[in-house]
Amino acid sequence: MKSNKKNEMSKLQKTVYPKAEITVGNVRLTLEEFRKCEGFADVSDADGEEIIESLYRFSLIAFNYKDTK
């Protein structure tokens, strides 16, 4: 059977490094915390929630990508 070393490393990394997923237990910024950041005090609730969701999803992508390298 032909071995693919890169694929084997991927399998190993998947078992060693758990993937972060969107779950209830993952902590997100609250609107109050978000508004304490410089320049975001006057952001509307809807825009703030959208920005928080985008940051949260990006952080998961970055975390999961880091584990594949």
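Fair warning: this is a prediction, and the values are worked out from it, not measured in the lab.

Conventions we followed
- Residues numbered from 1 in each chain as written.
- Predicted model: local features only at pLDDT ≥ 70, side-chain atom pairs only at ≥ 80, totals over all residues.
- Heavy atoms only, no water.
- Salt bridge = Lys/Arg side-chain N within 4 Å of Asp/Glu carboxyl O.
- Helix = DSSP H or I, 4+ residues; strand = E, 2+ residues; numbered from the N terminus.
- Buried < 20%, exposed > 50% of the residue type's maximum accessible area, 1.4 Å probe, protein only.
- Patch = residues over 30% accessible without salt bridge, like charges linked within 9 Å, V, L, I, M, F, W, Y side chains within 5 Å.
- Areas by Shrake-Rupley, 256 points an atom, 1.4 Å probe, with all protein chains shown as cover.

### Regarding the pattern of salt bridges
Next up, step 1: One pass over the structure, following the stated rule, counts three salt bridges.
Next up, step 2: The residue Glu53 makes a salt bridge to Arg28 at a minimum N-O spacing of 2.1 Å. Separated by 25 residues along the polypeptide, Glu53 in helix α3 (residues 45-68) and Arg28 in the loop between α1 (5-16) and α2 (31-35) bring together distant segments of the chain.
Next up, step 3: By relative accessible area, Glu53 is classed as partly exposed at 25%.
Next up, step 4: For the salt bridge of Glu53 with Arg57, the shortest nitrogen-to-oxygen distance reads 2.7 Å. Here Arg57 and Glu53 lie together in helix α3, a separation of four residues that amounts to about one turn.

### Topic: a nonpolar patch on the surface
Next up, step 1: On the surface, a cluster of nonpolar side chains totalling about 300 Å² of accessible area is made up of Leu29, Phe40, Ile51 and Leu55.
Next up, step 2: Tracing the sequence through the fold places Ile51 in helix α3.

The analysis is restricted to geometry; functional conclusions fall outside its scope.
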